[in-house]
Amino acid sequence: MSEKKLRWGVLGCAGIAKRAVIPGIQQSQSGIVAAVASRGIDKATETAEQFGIEKAYASYEELLADKEIDAVYIPLPNHLHKEWTIRAAAAGKHVLCEKPIALKAEEAKEMAEACAQAGVLLAEAFMYRYHPRYEMVKDAIRSGEIGDIRGIHGTFTFNNAKDAGNVRYRKEWGGGSLYDVGCYPISAARLILEQEPEAATAHAFFSPEHDDVDMMLSGLVEFAGGVALSFDCGMWASGRNTLEIVGTDGRIEIPSAFVARGDESDHFFITSQGGRREVAVPHLNQYALQADAIARSALHGEPLKFPASDAVSNMRVLDACLKSARERVRVALS
């Protein structure tokens, strides 16, 4: 008898769903994309036919009413994450929600509580964390090869500014570079340091041409012991996605820190007293790994590697950074 599969429904036909998450689930060992929904049947049907998905629905409500669906992936615009996560929980579905999980920490907390009360899982879709290279990075740090961590620097930028109608450029919908890509280096620093920050300061370029969202933001996130994450993120800048961890005796460089392409560009480098070496990592689909991790929790009761509380904590840092950038102040985090 074959092992039970987690049957996924996808709420929306966003680019990230079609480009990465649906193929990732289909390449996973324990997931099936069984249904897709859109605001109209034509788009849902087109996506279903493109990926060989069994069911297409003309509304999100119809998909949530399908008793054969175990879990949903939500790639909707950021301002809709809270509503549809809570509605999915009420329908008894586990939820994988795109980052950022909400527009503010209080919303994320409401979502986590709704899922807990319904007895379903809630995970934020930071796919990069499921790739084994981050455990390999942490193993290198634990080994003492680079000494004590003194600082982390992260970047995530791209240039899509000409696409004026993009949802990323609608302030009320949760647009802006911090929400879209700045959340990655913040999440990574918390993952690596295994602690929550004490304060945040940020400076941003808010573009009147793009509904006053932050098109570029630079930040400093303070951790205990004098360690800090410095980062920048942008949607009107040359493309980068890097992470550097600097220690007393060496450093670790991850040239493609959040986008895993399944080739040599995923490798990272360690420079220490023994010189500089390249560390090869397995060529794996991090979206498939994410789907399998959630399936193990949903089907077999394994604890989520990153519980909903982690998403709430990350959102608190985003809140602080955005407040700092808007008000030009340093924001302490309790």
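Now for a quick tour of the structure. Everything numeric here is computed off the predicted structure, so don't read it as measured data. (Residues numbered from 1 in each chain as written. Predicted model: local features only at pLDDT ≥ 70, side-chain atom pairs only at ≥ 80, totals over all residues. Heavy atoms only, no water.)

### Describing the overall build of the chain
Formally: We count a stretch as a helix when DSSP gives it H or I for four or more residues in a row; a strand needs E for two or more, and each element gets its number in order from the N terminus. Values of the radius of gyration come from C-alpha atoms, whereas the globule rule sets the reference at 2.2 Å times the count of residues to the power 0.38. For the exposure calls, accessible area comes from a 1.4 Å probe over protein chains only, and a residue counts as buried if that area is under 20% of its type's maximum, exposed if over 50%, partly exposed in between. Here, residues are in contact when the closest pair of their heavy atoms is within 4.5 Å. Positive: Lys, Arg. Negative: Asp, Glu. His and the chain ends are not part of the count. To locate a charge, take atom NZ for lysine, CZ for arginine, CG for aspartate or CD for glutamate.
Along the chain, the regular secondary structure elements total 9 helices and 15 strands. Compactness check: the chain gives a C-alpha radius of gyration of 20 Å against a globular reference of 20 Å for 334 residues, within 12% of the reference. In the chain, which comprises 334 residues, the proportion classed as buried is 56%. A separation of at least 24 residues holds for 66% of the contacts in the chain among residues at least 6 apart in sequence. Averaging the locations of the 37 positively and 45 negatively charged side chains of the chain gives two centres separated by 1 Å.

### Quick look at the sheet that holds strand β12 (residues 251–254)
Defined as follows: Paired strands, as defined in this entry, are two strands with at least two bridges between them according to DSSP. An axis is simply a line fitted to the C-alpha atoms; with a helix, the fit covers only the stretch in contact. Between two such axes, the angle follows the N-to-C directions and lies from 0 to 180 degrees.
Sheet architecture is open: 9 strands sit in the order β14-β13-β12-β11-β7-β10-β9-β8-β15, paired in mixed fashion. The sheet is open, and its two edges are formed by β14 (275–279) and β15 (331–332), each paired on a single side. Of the pairings in the sheet, the one linking strand β8 (residues 199–207) to strand β9 (residues 213–222) comprises 9 bridges and is antiparallel in character. Bridging from a neighbouring strand, phenylalanine 206 pairs with aspartate 214 of β9. Contacting β7 (149–159), β9, β10 (228–234) and β11 (236–247), helix α7 (residues 177–193) runs over the sheet at an angle of about 160° to β10.

### Remarks on the environment of glycine 119
Summarising the element assignment, glycine 119 is placed in the loop between α5 (105–118) and β6 (122–124). Classification of glycine 119 by relative accessible area gives exposed; the value is 59%. Spatially, the C-alpha atoms of glycine 119 and lysine 93 are 9.1 Å apart, while their sequence positions differ by 26 residues.

### Here we look at the pattern of salt bridges
Quick reminder of the rule: Definition used for salt bridges: Asp or Glu carboxyl oxygen within 4 Å of a side-chain nitrogen of Lys or Arg.
Going through the model one piece at a time under the given rule, you end up with 25 salt bridges. For glutamate 110, the salt bridge is made with lysine 82, and the minimal N-O distance between the two is 2.9 Å. One end of the pair, glutamate 110, is in helix α5; the other, lysine 82, is in helix α4 (residues 81–90), and 28 residues separate them in sequence. We classify lysine 82 as partly exposed; its relative accessible area is 24%. In this structure, the salt-bridge partner of arginine 190 is aspartate 310, at a minimum N-O distance of 2.9 Å. On the criterion of sequence distance, the pair formed by arginine 190 in helix α7 and aspartate 310 in helix α9 (residues 308–327) is long-range, its members being 120 residues apart. Among the charged side chains, a network of salt bridges with common partners joins Arg7, Glu54, Lys55, Asp66 and Glu68.

### Focus: the sheet that holds strand β5 (residues 94–97)
Hydrogen bonds between backbone groups are what pair the strands of a sheet, and the pairing can be parallel or antiparallel. The strand order across the open sheet formed by 6 strands is β3-β2-β1-β4-β5-β6, and the pairing between neighbours is parallel. Pairing within the sheet leaves two strands with one partner each, and these edge strands are β3 (55–57) and β6. Strand-to-strand twist across the sheet, computed as the mean angle between neighbouring axes with direction ignored, equals 25°. Sheet strands touched by helix α1 (residues 15–27): β1 (6–11), β2 (31–37) and β4 (71–74). Its angle to β2, the strand with the most contacts, is close to 145°. Contacts between helix α8 (residues 286–300) and the sheet are confined to β1, β5 and β6, with β1 contributing the most and set at about 120° to the helix.

### Remarks on the side chain of lysine 138
Take lysine 138: it is sitting in helix α6 (residues 133–142). Contact partners of lysine 138, with chain neighbours within four places excluded, come to Leu191, Ile192 and Glu194.

### Thoughts on unusual backbone geometry
In this model, lysine 99 is joined to proline 100 through a cis peptide bond whose omega is -15°. Backbone geometry at aspartate 211 places phi at a positive 60°, although glycine is not the residue there. Here aspartate 211 shows up in the loop between β8 and β9. The residue arginine 328 is not glycine, and still its phi comes out positive at about 60°.

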